[in-house]
Amino acid sequence: EDQVTQSPEALRLQEGESSSLNCSYTVSGLRGLFWYRQDPGKGPEFLFTLYSAGEEKEKERLKATLTKKESFLHITAPKPEDSATYLCAVREGGSNYKLTFGKGTLLTVNP
Amino acid sequence: GAGVSQSPRYKVAKRGQDVALRCDPISGHVSLFWYQQALGQGPEFLTYFQNEAQLDKSGLPSDRFFAERPEGSVSTLKIQRTQQEDSAVYLCASSLVGPGIEYGYTFGSGTRLTVV
């Protein structure tokens, strides 16, 4: 069974303090690893899709990287508005559409 | 509309009551998904529609859960005889294309169901 584990569960940073969130996965034939951001009371908002080891994608202060066993979401010089829960999900090997999500990392950036 | 719209935003149901949750996907989106998100957890897949066809309902927890999308646009998730363990946020998502979701889904803000 596909599994997605995110760490840490919660992370508190000072504004400008860079860090990384981790997503480790076990899947038979990865067909995409997805990162989402979720604000309180909202649905997940799509950030990135990664398909193969070595791939990287960037958006503003966020950069996502992928290896054969895990993905990292690097946050450079975060701002308070980056505070949210970040969810990682994998598309199951036998499915074109079903996503298996991790529990997320709650990021708080203090001014 | 500009996004995926779900209604109601909040629903409180007495145990044993039937509920219906509505999802208006982005106009023209072929694929529609329902996910369940318990407190402190990531979303879990419930069911998938391509147009009006329900292609996968393997994630529905029990036969008390039923989803439909009769005209290939609006979808309704119905839960019969609600139980306390049904309390969760129910998220709807849509995608322009069929399987092959390179751009991810667009999620609605969800319906928070509380069963008392």
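Scroll up a little and you will see the structure.
Residues numbered from 1 in each chain as written. Chains lettered and ligands numbered in written order. Predicted model: local features only at pLDDT ≥ 70, side-chain atom pairs only at ≥ 80, totals over all residues. Heavy atoms only, no water.

Asks: For this particular structure, what's the right way to read the pattern of salt bridges?
Replies: A pair can form between side chains of opposite charge whenever their charged atoms are brought close. Evaluation of the coordinates by the stated rule reveals eight salt bridges over all chains. Between Glu56(A) and Lys63(A) there is a salt bridge, with the nearest N and O atoms lying 3.8 Å from each other. Relative accessible area serves as the criterion here: at 49%, Glu56(A) is assigned to the partly exposed category. Residue Asp56(B) is joined to Lys98(A) by a salt bridge in which the shortest nitrogen-to-oxygen separation is 3.7 Å. Residue Asp56(B) is located in strand 6 (residues 53-56), and its partner Lys98(A) is located in the loop between strand 9 (84-91) and strand 10 (99-101); the two belong to separate chains. (Salt bridge = Lys/Arg side-chain N within 4 Å of Asp/Glu carboxyl O. Buried < 20%, exposed > 50% of the residue type's maximum accessible area, 1.4 Å probe, protein only. Helix = DSSP H or I, 4+ residues; strand = E, 2+ residues; numbered from the N terminus.)

Asks: Help me understand the interface of chain A and chain B in this model?
Replies: As a measure of interface size, the accessible area lost when the parts come together is often cited. Residue-level contacts link 19 residues of chain A with 23 residues of chain B. Between chain A and chain B, roughly 1700 Å² of surface is buried when both sides are summed, and carbon and sulfur atoms account for 55% of that area. Remark: the boundary between chain A and chain B carries one salt bridge. Our enumeration of links across chain A and chain B arrives at eight residue pairs in polar contact (both at pLDDT 80 or more). (Contact = heavy atoms within 4.5 Å. Buried area = accessible area lost by both parts, 1.4 Å probe. Polar contact = N/O pair within 3.5 Å; in protein donor to acceptor, adjacent residues only side chain to side chain.)

Asks: How should I be thinking about unusual backbone geometry in this particular structure?
Replies: Trans is the prevailing form of peptide bonds, just as negative phi is the prevailing case for residues other than glycine. In this chain, Ser7(A) is followed by Pro8(A) through a cis amide linkage whose omega measures -10°. Mapped onto the elements of the fold, Pro8(A) is located in the loop between strand 1 (3-7) and strand 2 (10-14). Omega for the peptide link from Ser7(B) to Pro8(B) comes to -10°, which places this bond in the cis form. You can see Pro8(B) is positioned in the loop between strand 1 (5-7) and strand 2 (10-13). Phi is positive for Ala77(A), close to 45°, though the residue is something other than glycine. Within the secondary structure layout, Ala77(A) lies in the loop between strand 8 (70-75) and strand 9. Accessibility expressed as a relative area gives 34% for Ala77(A), which makes it partly exposed.

Asks: Whenever I open this one, the pairing of strand 4 (residues 33-38) of chain A confuses me. Can you help?
Replies: Where a strand is regular, its side chains alternate between the two sheet faces. All names here are of chain A. Within strand 4, six of the six residues are buried, which leaves the element mostly enclosed by the surrounding structure. In this structure, strand 4 lies alongside strand 5 (residues 45-50), joined through five bridges in antiparallel fashion. Within strand 5, the position partnered with Phe34 by the bridge is Thr49. From the end of strand 4 to the start of strand 5, which pair antiparallel, there are six residues, and Gly41 there has a positive phi angle of about 75°. Direction of pairing for strand 4 relative to strand 9: antiparallel, over a ladder of six bridges. If you follow Tyr36 over to strand 9, its bridge partner there is Leu87. (Pairing = 2+ DSSP bridges.)

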